[in-house]
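Listed below are the residues making up each chain.
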Amino acid sequence: MVMHSESTTKTYLYLRVGLVALAVFLGASLVIELVAGDTPWLGSISAYYYTPVRSVFVGTLIAMGVCLIAIKGRDRPREDLMLNLAGMCAPVVALCPTPLEDVAACGGQTRCVPDAYVPGVVNNIEALLVVGALGILFAARTVRRGTAERGDLFGLGAAAVGLVAFALWFALGRDSFLNYAHYGTAVPMFGLIVAVALVNAAKVDDFVAAGGTLTTVRTTTFERAYRAIAYSMGAIIGAALVLFVVKAATGSQPFDHWVFVVEALLLTAFTAFWILQTKQYAVDGAPE
């Protein structure tokens with residue numbers, strides 16, 4: 001086991017605890033609005049962007065994105081790359097809202113981001129692109145100054161290509177971007193978290209072999225828990241895609257609030273995953 005200073009261990013621990021706290025923060029805001037607010041039960045968590053929950057929704061996802069990028073995965077380059085890409089997706093999910101399916105609000109169209117919100121979305125995404133470009137330059141400098149491995153260079157290249165493609169979509173396909181950017185980043189974000197959970201399930205034995213503090217019994221427990229979370233999230237995402245296809249084909253909802261249920265289950269599984277990781281690494285701290 002690699003020994004770190006107490007401040008390093010606690011900083012890494014608190015960063016992970018912060019992710020869990022952010023998920024609870026969003027969940028609490030949603031429950032409060034459902035129980036005590038004036039907003040009816042909407043079809044999705046993302047639709048609460050247009051309600052008093054908006055500030056918490058946006059702030060939570062942006063902060064989650066920062067945390068996911070800041071946390072360094074133990075299985076490099078795979079886990080680190082997946083965390084970074086998920087972290088890049090999270091702010092887009094926050095800043096580009098889910099379109100409303102409201103003919104009146106959309107000027108006769110079936111679905112849209114209402115005109116009153118578009119200037120804010122454009123401003124926020126442009127600011128995100130500025131920060132993203134600076135982040136890529138910073139990452140390039142740190143890779144060049146360090147002992148760059150092939151995986152680091154691949155991860156940097158993937159992030160750069162993703163940012164350029166995202167910027168081109170935003171600049172050249174604005175209508176398409178407003179209609180699909182939210183979904184186009186939300187699904188990959190959760191898919192990447194599923195992959196991270198599977199990687200962690202496969203690497204628990206390596207963690208112990210490297211000097212981690214888990215016993216044999218706890219190793220098996222953690223493996224099963226990671227796989228259960230990953231398989232659950234994968235099943236939820238798969239079911240959601242099937243329901244989406246059914247809706248697109250038939251034009252009717254499979255059942256009321258199905259998107260909200262899917263997102264709530266994914267948020268719960270995401271929280272469970274980070275609680276599990278925080279528990280596993282609470283004593284051993286940051287990776288080497």
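Residues numbered from 1 in each chain as written. Predicted model: local features only at pLDDT ≥ 70, side-chain atom pairs only at ≥ 80, totals over all residues. Heavy atoms only, no water.

### Topic: the overall build of the protein chain
Worth spelling out the cut-off: Under the DSSP-based scheme used, a helix requires at least four consecutive residues in state H or I and a strand at least two consecutive residues in state E, with every element numbered from the N terminus. For the exposure calls, accessible area comes from a 1.4 Å probe over protein chains only, and a residue counts as buried if that area is under 20% of its type's maximum, exposed if over 50%, partly exposed in between. Any two residues having at least one pair of non-hydrogen atoms within 4.5 Å are treated as being in contact. Each accessible area is a Shrake-Rupley result for a 1.4 Å probe, and residues are judged covered by the shown protein chains and nothing else.
On a plain count of helices and strands, the protein chain comes out with eight helices and zero strands. In the protein chain, the order of α-helices and β-strands from amino to carboxyl end is α-α-α-α-α-α-α-α. Residues classed as buried in the protein chain amount to 42% of the 288 residues present. Contacts in the protein chain between residues far apart in sequence, at least 24 positions, make up 74% of those at least 6 positions apart. Total accessible area on the protein chain stands at roughly 14,700 Å², and carbon and sulfur atoms take up 67% of it.

### Quick look at the pattern of salt bridges
Rules: Just to be clear on terms, a salt bridge is a Lys or Arg side-chain nitrogen sitting within 4 Å of an Asp or Glu carboxyl oxygen.
Evaluated as defined, the whole model comprises one salt bridge. Among the salt bridges present, the one from Asp80 reaches Lys72, with a minimum N-O distance of 3.6 Å. Classification of Asp80 by relative accessible area gives buried; the value is 9%. Exposure remark for Lys72: the relative accessible area of 37% places this residue in the partly exposed category.

### Some details on the nonpolar core
Heads up, the rule is: Buried Ala, Val, Leu, Ile, Met, Phe, Trp, Tyr and Cys residues form a nonpolar core when they are joined through side-chain atoms within 4.5 Å.
Counting 74 residues, the largest nonpolar core has Leu19, Phe57, Ile125, Met233, Phe273 and Trp274 as the members making the most contacts within it. Of all the secondary-structure elements, those providing two or more residues to this core are α1 (6–36), α2 (54–70), α3 (78–95), α4 (118–145), α5 (150–172), α6 (174–209), α7 (216–250) and α8 (258–281). Top element by residues in this core is α6. It accounts for 13 residues. The contacts of Phe57, once residues within four sequence positions are left out, are Leu26, Ile45, Ser46, Tyr49, Val93, Ala94 and His182.

### A word on the state of the cysteines
By definition, a disulfide links the sulfur atoms of two cysteines through a covalent bond. As a reminder, the rule being used: Sulfur atoms of two cysteines make up a disulfide when they are within 2.5 Å.
With the rule as written, the count across this model stands at one disulfide. The disulfide partner of Cys106 is Cys112, and the gap between their sulfur atoms is 2.1 Å. The chirality of the disulfide connecting Cys106 with Cys112 is left-handed, given an S-S dihedral of about -90 degrees. Here Cys106 falls in the buried class, since its relative accessible area comes to 7%. A relative accessible area of 9% means that Cys112 is categorised as buried.

### A look at the packing of aromatic side chains
Stated formally: Between the rings of Phe, Tyr and Trp (Trp by its six-membered ring), a pair exists once the centres lie within 6.5 Å; its type follows the angle of the planes, with under 30 degrees stacked, over 60 edge-to-face, and the other angles tilted.
Applying the stated criterion across every chain yields a total of 11 aromatic pairs. Ring geometry for Tyr50 versus Tyr117: centroids 4.9 Å apart, planes at 85 degrees, classification edge-to-face. With a gap of 67 residues between them, Tyr50 in the loop between α1 and α2 and Tyr117 in the loop between α3 and α4 connect regions that are remote in the sequence. Among the residues examined, Tyr117 registers a relative accessible area of 26% and is labelled partly exposed. Their ring planes at 65 degrees and their centres at 5.3 Å tell us that Phe166 and Phe177 sit as a pair that is edge-to-face.

### A closer look at a nonpolar patch on the surface
Basically, it comes down to this: Exposure above 30% relative accessible area and the lack of any salt bridge qualify a residue for a patch; like charges then connect within 9 Å, and the nonpolar side chains Val, Leu, Ile, Met, Phe, Trp and Tyr within 5 Å.
On the surface, Val31, Leu34, Val35, Trp41, Phe255, Val261 and Leu265 cluster together into a nonpolar patch covering about 640 Å² of accessible area. Where the nonpolar patch is concerned, the elements lending two or more residues are α1 and α8. Considering each element in turn, the nonpolar patch owes the most residues, three residues, to α1. What makes Leu265 partly exposed here is its relative accessible area of 43%.

### Details of α2
Applied cut-off: Expected helix span is taken as 1.5 Å per residue step, with the number of steps being one fewer than the number of residues.
Compared with an ideal rise of 1.5 Å per residue, which puts 17 residues at 24 Å, α2 spans 24 Å between its outermost C-alpha atoms and is within 8% of the ideal. Three or more residues of α2 are buried, namely Val56, Phe57, Val58, Thr60, Leu61, Met64, Gly65, Cys67 and Leu68.

### Brief notes about α1
For α1, with 31 residues, the first-to-last C-alpha span of 43 Å sits near the 45 Å given by 1.5 Å per residue. Of the positions making up α1, those classed as buried are Thr9, Tyr12, Arg16, Leu19, Val20, Leu22, Ala23, Leu26, Ser29, Leu30 and Glu33. In the core, the buried residues of α1 are packed alongside α2 and α8.

### Side note on the side chain of Thr271
Note the threshold: Here a polar contact is recorded for every N or O atom pair within 3.5 Å, except that within protein the pair must consist of a potential hydrogen donor and a potential acceptor, and residues adjacent in sequence are included only if both atoms are side-chain atoms.
Within the element layout of this structure, Thr271 appears in helix α8. Among the polar contacts listed, one links the side chain of Thr271 to the backbone oxygen of Leu267, at a separation of 2.8 Å. Look past the residues within four positions of Thr271 in its chain and what remains in contact with it is Val20 and Ala23.

### Side note on the packing of α3 against α5
Let me state the cut-off plainly: Where helices are involved, their axes are fitted lines through C-alpha atoms of the stretch in contact, as for all axes, and angles between N-to-C directions lie from 0 to 180°. Here is the rule for angles: anything less than 35 degrees is roughly parallel, anything more than 145 is roughly antiparallel, 65 through 115 is roughly perpendicular, and the remaining ranges are oblique. A clockwise turn of the near helix away from the far one marks a right-handed crossing, whereas an anticlockwise turn of less than a right angle marks a left-handed crossing. We call Asp, Glu, Lys and Arg charged. Ala, Val, Leu, Ile, Met, Phe, Trp, Tyr, Cys and Pro are nonpolar, and the rest, Gly among them, are polar.
The geometry of α3 relative to α5 is characterised by a closest axis approach of 10 Å and an angle of 20 degrees between their N-to-C directions. The angle between α3 and α5 places the two elements in the roughly parallel class. As α3 packs across α5, the resulting crossing turns out to be right-handed. On α5, the residues touching Leu81, Leu85, Met88 and Val92 of α3 are Phe154, Gly155, Ala158, Ala159, Leu163 and Phe166. Residues that form the contact of α3 with α5 fall into these classes: nine nonpolar, one polar and no charged.

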